[in-house]
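Commentary on secondary and tertiary structure
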Amino acid sequence: MGLTIQMLGTGSAFAKHYYNNNALLDSGEGKLLIDCGTTASLALHQMGVPLPDIDAILITHIHADHVGGLEEFGFQMNILHRRKPLLYIAEPLIHPLWEHTLKGGMSQQGMIDKLEDVFEVNVITPGVSTTLVPGIQIELIPTQHIPGKHSYSLFINDRLFYSADMVFDPDLLHHLVHERGCRSILHEVQLQGAGEVHTTLDELLSLPTPLQEQIHLMHYSDDMEQFRDKAGIMSFLEQQRVYPLADLERAE
Ligand SMILES: O=c1ccn([C@@H]2O[C@@H]3COP(=O)(O)O[C@H]3[C@H]2O)c(=O)[nH]1
Ligand SMILES: [Zn+2]
Ligand SMILES: [Zn+2]
């Protein structure tokens, strides 16, 4: 079986019709959860995926729609299943994830006082492609989102670019497609307004046609249906649909 990707949700941080923009990669040999937002455990429940079936979690950046479900995931795994989930994370995210996000809810005197007390923490180095679960290699690519906040997009199996929340970076997209063999792009999109911390639909529409052909849109707001015919040849990913990676790639 080839790699499949299933979005737990495809919504922006404020969406109500769509769950948080988190993804489940399945190589057939292992499952990797990309981000674990506030709605992750509910979405996984609806998808029929028990938490212990997930082999590892990878975090792109610290916002609730990407990490807000880690407390429940960690507690459920530790308390109900007596296991520490494997958490892959870039080193600069460890301190803010524990001190600014999880510590308030998870710390327990004499038992839990650091991230490693709940998760099996594995630090991954940006720029280095690393096998996280069998059949899934990820390279973290630092990308700009909120000034002063670390955020990492993903290059998966040397062929799929998965944007974290990020501002428009056309040079990176050109580089990945023309020099790195990238064959499809899952890109966050902000449908209306100025893209101060996100990438707007208009910015993506400014890319050359062959690049747009590779782009599938995610992390969109509740009014997405009004934009179906305004996105040109770019398509909108559907939450909870299982996509074989090959189906996301443009026929040559
Ligand atoms: O300077 C800022 C900081 C934040 N925000 C909003 O808060 C959200 C946090 O999650 P997100 O990164 O998915 O999306 C962000 C935006 O919707 C913003 O519009 N401008
Ligand atoms: Zn987000
Ligand atoms: Zn964000």
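Definitions and cut-offs
- Residues numbered from 1 in each chain as written.
- Chains lettered and ligands numbered in written order.
- Predicted model: local features only at pLDDT ≥ 70, side-chain atom pairs only at ≥ 80, totals over all residues.
- Heavy atoms only, no water.
- Donors = N, O, S within 2.8 Å, 3.2 Å for Na, K, Ca; no water.
- Helix = DSSP H or I, 4+ residues; strand = E, 2+ residues; numbered from the N terminus.
- Buried < 20%, exposed > 50% of the residue type's maximum accessible area, 1.4 Å probe, protein only.
- Core = buried A, V, L, I, M, F, W, Y, C linked by side-chain atoms within 4.5 Å.
- Contact = heavy atoms within 4.5 Å.
- Pairing = 2+ DSSP bridges.
- Axes fitted to C-alpha atoms, helices over the stretch in contact; angles between N-to-C directions.

As named in an unreviewed UniProt entry, the chain is Beta-lactamase, taken from Paenibacillus jamilae.

**Here's the deal with the coordination of the zinc ion (ligand 2)**
Protein coordination of the zinc ion (ligand 2) is provided by Asp65 (OD), His66 (NE2), Asp165 (OD) and His219 (NE2), with donor distances spanning 2.1 to 2.3 Å. Counting gaps between the donor residues of the zinc ion (ligand 2) yields the pattern D-H-x98-D-x53-H. Taken as an interatomic distance, the gap from the zinc ion (ligand 2) to the zinc ion (ligand 3) is 3.7 Å; Asp165 donates to each of them. In this pair, Asp65 sits in helix α2 (residues 64-67) while Asp165 sits in the loop between β10 (160-162) and α5 (170-179), placing the two residues 100 residues apart along the sequence. Under the relative-accessibility criterion, Asp165 is labelled buried at 3%.

**Things to note about the nonpolar core**
With 61 residues, the main nonpolar core has Leu32, Leu70, Ile138 and Tyr162 as its most contacted residues. The dominant element in this core, judged by the number of residues it contributes, is helix α4 (residues 91-106), at six residues. The contact partners of Tyr162, leaving out residues within four places of it in the chain, are Ile5, Met7, Asn21, Asn22, Ala23, Ile34, Ser153, Leu154, Ile156, Leu186 and Met218. One finds Leu204, Leu217, Met234 and Phe236 within the second-largest nonpolar core, a separate group that totals 26 residues.

**Brief notes about the sheet that holds strand β3 (residues 31-34)**
Across the sheet, seven strands lie side by side as β6-β5-β4-β3-β2-β1-β14; this open sheet has mixed pairing. The open sheet has two edge strands with one neighbour each: β6 (120-123) and β14 (242-244). For this sheet, the mean inter-axis angle between neighbouring strands, taken without regard to orientation, is 25 degrees. Relative to strand β4 (residues 56-58), β3 runs parallel, the two sharing three bridges. Paired with Ile34 across the bridge in β4 is Leu58. Sheet strands touched by α4: β5 (86-89) and β6. Its angle to β5, the strand with the most contacts, is close to 120 degrees.

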